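Survey of secondary and tertiary structure
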Amino acid sequence: MNFAQLPSVDVAAVPADALVLDVREDNEWAAGHVEGALHVPMSDFVARFGDVTQAVEDGRRAYVMCRVGGRSAQVTQYLVQQGIDAVNIDGGMQAWEAAGRPMVTDNGSDAFVL
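Below is a short write-up of the structure. Values in this document were obtained by computation on a predicted structure and should not be read as measured data.

**Regarding the nonpolar core**
- With 16 residues, the main nonpolar core has V14, V20, I89 and W96 as its most contacted residues.
- Secondary-structure elements contributing two or more residues to this core are β4 (62-65), β5 (86-89) and α4 (92-98).

Dropping the structure here:
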């Protein structure tokens, strides 16, 4: 599978109750993220793969996100190869923010995309 064949969705198509898998690094997550998202930085992905498989055990689709879409595309490709229902969110957090989708921080400050 190449990136042209990668399953992907526009931010508007991500359901409000979706399992969003955020693969950005800790500082990016701290600046702003989707409420309820599962944060597994790409740099820790192999070590924390069990967290991902546990989250999708019930057959939930994983909507994978990073800042722009490159890292999440790589993770989505890996997940699909492992038989997990995963899609890349086109444009990542930048598109999410531009679409006016809600973002939060853990400390209550204004959320932004780093």
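**Quick notes on the pairing of β4**
- Here β4 shows a buried face lined by A62 and V64 and a second buried face lined by Y63 and M65.
- Sheet topology places strand β2 (residues 19-22) next to β4; 4 bridges connect them, and they run parallel. Within the sheet, the bridge partner assigned to D22 lies in β4 and is M65.
- Both β4 and β5 contribute to a ladder of 3 bridges, which runs parallel. When the sheet's bridge partners are listed, V64 is paired in β5 with N88.
- The β-α-β motif built from β4, the intervening helix α3 (residues 70-81) and the parallel element β5 has right-handed crossover chirality.

**Things to note about α3**
- Here α3 spans 17 Å end to end across 12 residues, near enough to the 16 Å set by a 1.5 Å rise per residue.
- On its buried face, α3 sits against β2, α2 (49-55), β4 and β5.

**What about the packing of aromatic side chains?**
- For the structure on display, the rule yields 3 aromatic pairs.
- Arranged with centres 6.2 Å apart and planes meeting at 85°, the rings of F45 and Y78 form a pair that is edge-to-face. In this pair, F45 sits in the loop between β3 (38-39) and α2 while Y78 sits in helix α3, placing the two residues 33 residues apart along the sequence.
- Ring geometry for F49 versus Y78: centroids 5.6 Å apart, planes at 75°, classification edge-to-face. Residue F49 is found in helix α2, and its partner Y78 is found in helix α3; the two are separated by 29 residues along the sequence.
- Here the aromatic residues F45, F49 and Y78 are joined through ring pairs into a cluster of three or more.
- Against the face of W96 rests R101, its NZ or CZ located 4.2 Å from the ring centre.

Quick notes on the rules
Residues numbered from 1 in each chain as written. Predicted model: local features only at pLDDT ≥ 70, side-chain atom pairs only at ≥ 80, totals over all residues. Heavy atoms only, no water. Core = buried A, V, L, I, M, F, W, Y, C linked by side-chain atoms within 4.5 Å. Buried < 20%, exposed > 50% of the residue type's maximum accessible area, 1.4 Å probe, protein only. Helix = DSSP H or I, 4+ residues; strand = E, 2+ residues; numbered from the N terminus. Pairing = 2+ DSSP bridges. Right-handed = clockwise from strand over helix to strand, strands pointing away. Expected span 1.5 Å × (residues − 1). Contact = heavy atoms within 4.5 Å. Phe/Tyr/Trp six-rings, centres within 6.5 Å; stacked < 30°, edge-to-face > 60°. Lys NZ or Arg CZ within 6 Å of the ring centre and 35° of its normal.

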